[in-house]
Amino acid sequence: MERNAGLDIVRSTAILLVLFCHGLGFFFMKYHDFNSLNYVTGYLAVELFFVLSGFLIGGILLRDIVDNGTLLGLKNFYFRRWFRTLPLYYFAVVTTYLFVNHHVDVTNLIFLQNFKEQDLSFLPISWSLSIEEWFYLLVPLPLFFTGKFRHKSAAFFMITSLILIIPLLLRIYHVSVSQPVWDFGIRKQIPLRLDSLMFGVILAGIKTYHTNVYQKFLAGKVSLLLALAGLAYFSGYLVYTGIQNQTMDHSWFNRTFLFTFVSLFIAMLIAYLEVHLPRMDDFPKLRAFFRFISSQSYGYYLFHWNIFVWFSRENTTSRIGHSLYLLAFSLILMISFTYLMHRYYEVPIMKIRDRITTKRKVKWIDAERAGQ
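None of the values given here were measured: they were computed from a predicted structure.

Outline the overall build of the protein chain, listing residues and values.
Along the backbone of the protein chain there are 14 helices and 0 strands. Put simply, the protein chain runs from its N terminus to its C terminus through helices and strands in the order α-α-α-α-α-α-α-α-α-α-α-α-α-α. With the principal axes as the frame, the protein chain shows a C-alpha extent of 75 × 50 × 45 Å. Taken over 372 residues, the protein chain has a buried fraction of 52%. Contacts spanning at least 24 positions in sequence make up 78% of the contacts within the protein chain whose residues lie at least 6 apart. Taken as a whole, the protein chain presents about 18,200 Å² of accessible surface, with 66% of it coming from carbon and sulfur. Looking at charge distribution, the protein chain has the averaged site of its 35 positive side-chain charges lying 6 Å from that of its 22 negative ones.

Next comes the structure, spelled out in structure tokens:
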């Protein structure tokens, strides 16, 4: 399947924002307090990843699980998804243990590190991957049963809407009872954040079952303007001023509905870019750039933190030129290492995965024909 340039732009923007955020934090914080800007860019980056992942996975779930409604589709989904995410993650865990941090915990192996700050400190960027992995585990099963209903589309939207609402209600309850902090207490907690990915799944459902609504309204110019304005206000102004004024941990709205509105506006932005920028044929070099960054983004996300940690230890002078040099060298090393890992580690694993799932599918089709 040909890559969609608009979706590559979203993924590339997300990882570039992550690198910008952590680059400032590791190499330039001594020159100026960039904390508020860091939170804005880092927060928006992860939310882009969440909704985009939900949208892409939602398309797979609709095709292989909801429409077909077979156990083979469900098994293949789990197999293919974990073959895609786990090998590189566990490689990152091993290298982190060997070269950066020896205090690993079993929670880091089963994606439960988000519940204790000490466990999460082993590889801090893994918190968002934990949310995604639990989403991959929990959501396909209820969607599998929607394929058993006569009106699949109605069942799909009913189930996905319920899954979307539950985390919001949990956030409201948690804030009312426990008064958690915004970042670790809400933003990084698995049960409270699954709705961000569900916005992407619902967007995929609208594209599948209500194509006209998707193309004319969600992907329209008015939606684009609303999305940009909404993101500028909710994920820009509110987060920036909240961190600047130290009110994020006390704001009821910022700990509850802020995540809902940001996810909604990102879904609208994704719809517009997916429809209106599918190829970018007039800008082949720019398209190639976004395709390359997008294809390597998972590796960048997993490896950049340790590389930044390693080189920031050498940032002992007060010269900004030295910091720029260390950052540039870190990025070159990260890009080179990730490229080699992608070509000689990820791609071979993906080929093995594809061969196994293809054989499974052929055997299942033969069994079905034999039964007839």
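A description of the side chain of R11 should follow, citing residues and the corresponding values.
Looking at the secondary structure, you find R11 in helix 1 (residues 5–27). With relative accessibility at 18%, the residue R11 sits in the buried group.

Summarise the packing of helix 7 (residues 152–178) against helix 9 (residues 190–209); cite the residues concerned and give the values.
Orientation of helix 7 relative to helix 9, taken along the N-to-C sense of each, is 155°, at an axis distance of 8 Å. Considered as vectors, helix 7 and helix 9 are oriented roughly antiparallel to each other. Relative to helix 9, the crossing made by helix 7 is left-handed. Classifying every residue of the contact of helix 7 with helix 9 gives 16 nonpolar, 5 polar and 4 charged.

How would you explain helix 13 (residues 284–312) if you had to name every residue and give the values?
Given a rise of 1.5 Å per residue, 29 residues ought to cover 42 Å, yet the end C-alpha atoms of helix 13 are separated by just 36 Å, more than 12% below that figure. Along helix 13, the helix axis deviates most sharply at S297, where the bend reaches about 55°.

Outline the packing of aromatic side chains, supporting the account with residue identities and numerical values.
Under the counting rule described, the total for this entry stands at 35 aromatic pairs. Between Y43 and F259, the aromatic rings sit 5.9 Å apart at their centres with planes inclined by 75°, giving edge-to-face as the arrangement. Taken as a pair, Y43 in helix 2 (residues 35–66) and F259 in helix 12 (residues 257–276) lie far apart in primary sequence, 216 residues in all. Across the pair, exposure class does not vary: Y43 and F259 are buried alike. Taken together, a centroid distance of 5.4 Å and an interplanar angle of 65° make the contact between F289 and F290 edge-to-face.

Lay out the environment of H342 with the relevant residues and their values.
Within the secondary structure, H342 is located in helix 14 (residues 320–371). According to the relative accessible area criterion, H342 is partly exposed, its value standing at 22%. On a C-alpha basis, the gap between H342 and R353 in space is 15 Å, while along the polypeptide they are 11 residues apart. Beyond its immediate chain neighbours, meaning those up to four positions away, H342 contacts S295, Q296, V347 and P348.

So what about the packing of helix 5 (residues 126–138) against helix 9? Which residues, and what values?
Close contact between helix 5 and helix 9 brings their axes to 9 Å; oriented N to C, the two are set at 70°. What the angle tells us is that helix 5 and helix 9 run roughly perpendicular. Judged by the twist between their axes, the crossing of helix 5 over helix 9 is right-handed. Here S130, I131, E132, W134, F135 and L138 of helix 5 come into contact with helix 9, specifically with I190, R193, L194, L197, M198 and V201. Within the contact of helix 5 with helix 9, the residues separate by chemical class into 9 nonpolar, 1 polar and 2 charged.

Which residues make up the environment of W134, and what values go with them?
Within the fold, W134 resides in helix 5. Put simply, W134 and G242 are 108 residues apart on the chain and 29 Å apart in space, counted from C-alpha to C-alpha. If sequence neighbours within four positions are ignored, W134 has contacts with I110, F111, L112 and I190. Polar contacts involving the side chain of W134 include one to the main-chain carbonyl oxygen of F111, which spans 2.7 Å.

Reading the values: the criteria
Residues numbered from 1 in each chain as written. Predicted model: local features only at pLDDT ≥ 70, side-chain atom pairs only at ≥ 80, totals over all residues. Heavy atoms only, no water. Helix = DSSP H or I, 4+ residues; strand = E, 2+ residues; numbered from the N terminus. Buried < 20%, exposed > 50% of the residue type's maximum accessible area, 1.4 Å probe, protein only. Contact = heavy atoms within 4.5 Å. Areas by Shrake-Rupley, 256 points an atom, 1.4 Å probe, with all protein chains shown as cover. Lys, Arg positive; Asp, Glu negative; His and termini not counted. Charge placed at Lys NZ, Arg CZ, Asp CG, Glu CD. Axes fitted to C-alpha atoms, helices over the stretch in contact; angles between N-to-C directions. Parallel < 35°, antiparallel > 145°, perpendicular 65-115°, else oblique. Left-handed = near helix turned anticlockwise from the far one by under 90°. Nonpolar A, V, L, I, M, F, W, Y, C, P; charged D, E, K, R; others polar. Expected span 1.5 Å × (residues − 1). Bend = angle between axes of the 7 residues up to and from the residue. Phe/Tyr/Trp six-rings, centres within 6.5 Å; stacked < 30°, edge-to-face > 60°. Polar contact = N/O pair within 3.5 Å; in protein donor to acceptor, adjacent residues only side chain to side chain.

These results come straight from atomic positions and should not be treated as a statement about function.
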